[in-house]
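# Summary of the model geometry
Given next are the chains, with one letter for each unit.
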Amino acid sequence: MSIGDDGIGMADERRTGSLGLTLMELLAEQVKGGLAVGSGAGTTVTVSIPA
């Protein structure tokens, strides 16, 4: 599942140490999944969960 926007993007320092992103990573790991955050012309958060 991917969620994105077309805003200014997310600065690198906001992507490290963020409680919200850390929680999302931990929850994805619990189901053997992964989390990817892309930033540029907007921000995209993708959660991958195996079938």
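Throughout what follows, the structure given in this document is the object of discussion. Within each chain, residues carry numbers counting from 1 in the order of the written sequence. This being a predicted model, a pLDDT of at least 70 is required before a residue's local features are given, and a value of 80 or more before pairs of side-chain atoms are given or counted; all residues contribute to the totals for chains, interfaces and linings. Here the side-chain values reflect all heavy atoms present in the structure, with hydrogen atoms and water set aside.

## A short note on the overall build of the chain
Heads up, the rule is: Think of it this way: any DSSP run of H or I at least four residues long counts as a helix, any run of E at least two long counts as a strand, and we number them from the N terminus. Any two residues whose heavy atoms approach within 4.5 Å are treated as being in contact. Note on areas: these come from Shrake-Rupley sampling with a 1.4 Å probe, and a residue is covered only by the protein chains present in the view.
When its secondary structure is counted, the chain shows two helices and three strands. The secondary structure elements of the chain, listed N-terminal to C-terminal, are β-α-α-β-β. Each principal axis of the C-alpha atoms in the chain carries an extent, and together these give about 30 × 20 × 10 Å. Here the contacts in the chain between residues at least 6 apart in sequence split such that 47% fall between residues at least 24 apart. Within the structure as shown, the chain displays about 3,800 Å² of accessible surface, and the carbon and sulfur contribution to it stands at 59%.

## Focus: a nonpolar patch on the surface
In plain terms, the rule: In this analysis, a patch consists of residues with relative accessible area above 30% that form no salt bridge, clustered at 9 Å for like charges and at 5 Å for the nonpolar side chains Val, Leu, Ile, Met, Phe, Trp and Tyr. What makes a salt bridge here is a side-chain nitrogen of Lys or Arg within 4 Å of a carboxyl oxygen of Asp or Glu, nothing more.
The grouping of Leu 19, Leu 23 and Leu 26 at the surface amounts to a nonpolar patch, some 300 Å² of accessible area in total. Along the chain, the position of Leu 26 falls in helix H2 (residues 19-30).

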